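Coordinate analysis (summary)
The residues making up each chain are set out below.
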Amino acid sequence: LNNDYTAVDLNTKPDVKLPYDDESFNVVLCQLSIDYLIHPLNIMREVGRILKPGGKVIIIFSNRLFLQKAVGLWTGKDDVDHVYTVASYLNYCQDGLFTKIMARDLSVREKK
């Protein structure tokens, strides 16, 4: 396991480029930050660029957020809307880049 990391402000400009070579990772994790991205389609294209063929992107979000930081599209929505929003980011960032988009509820609340 490599413990190196790089911090990148993904909201500084719309054409941010992640500092990694093409097809560098088997898995990319976006944890508790998708709701703050100003240019999510661009970021998801970059994720697709650095993923190896057959790689996976895992996006984790919660039903909590900082209202003053979250993008307007995210606020006032419920969990199901958030799932559709993230799936839309993956679907529309580039045709055919992400396939087999699915969601899984990891909450501990009683499911209806």
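This write-up is about the structure you can find in this document. Note that the structure is predicted; figures quoted are calculated from it, not measured.

Where nonpolar side chains cluster on the molecular surface, the patch consists of Val 27, Leu 29 and Ile 58 and spans about 250 Å² of accessible area. Along the chain, Leu 29 turns up in strand β1 (residues 25–31).

A word on the side chain of Asp 35. By the element assignment, Asp 35 lies in the loop between β1 and α1 (40–50). In this structure Asp 35 is buried but unpaired, with Lys 69 as the nearest side chain of opposite charge at 11 Å. Those residues in contact with Asp 35 that lie beyond four places of it in its chain are Arg 64, Leu 65, Ala 70, Val 71 and Trp 74.

The end-to-end C-alpha separation of helix α2 (residues 79–92) is 20 Å, in line with the 20 Å expected for 14 residues at 1.5 Å each. For α2, the set of buried residues is His 82, Thr 85, Val 86, Tyr 89 and Leu 90. Across the axial projection of α2, the buried residues extend over an arc of 135 degrees, all falling on one side. Away from the buried face of α2 by more than 90 degrees, exposed residues Val 80, Tyr 84 and Tyr 92 are located. Between the side-chain oxygen at the start of α2 and the backbone nitrogen of Val 80 there is a gap of 3.1 Å, and the oxygen is on Asp 78.

Calculation criteria
Residues numbered from 1 in each chain as written. Predicted model: local features only at pLDDT ≥ 70, side-chain atom pairs only at ≥ 80, totals over all residues. Heavy atoms only, no water. Patch = residues over 30% accessible without salt bridge, like charges linked within 9 Å, V, L, I, M, F, W, Y side chains within 5 Å. Areas by Shrake-Rupley, 256 points an atom, 1.4 Å probe, with all protein chains shown as cover. Salt bridge = Lys/Arg side-chain N within 4 Å of Asp/Glu carboxyl O. Helix = DSSP H or I, 4+ residues; strand = E, 2+ residues; numbered from the N terminus. Buried < 20%, exposed > 50% of the residue type's maximum accessible area, 1.4 Å probe, protein only. Lys, Arg positive; Asp, Glu negative; His and termini not counted. Contact = heavy atoms within 4.5 Å. Expected span 1.5 Å × (residues − 1). Arc of directions from axis to C-beta. Polar contact = N/O pair within 3.5 Å; in protein donor to acceptor, adjacent residues only side chain to side chain.

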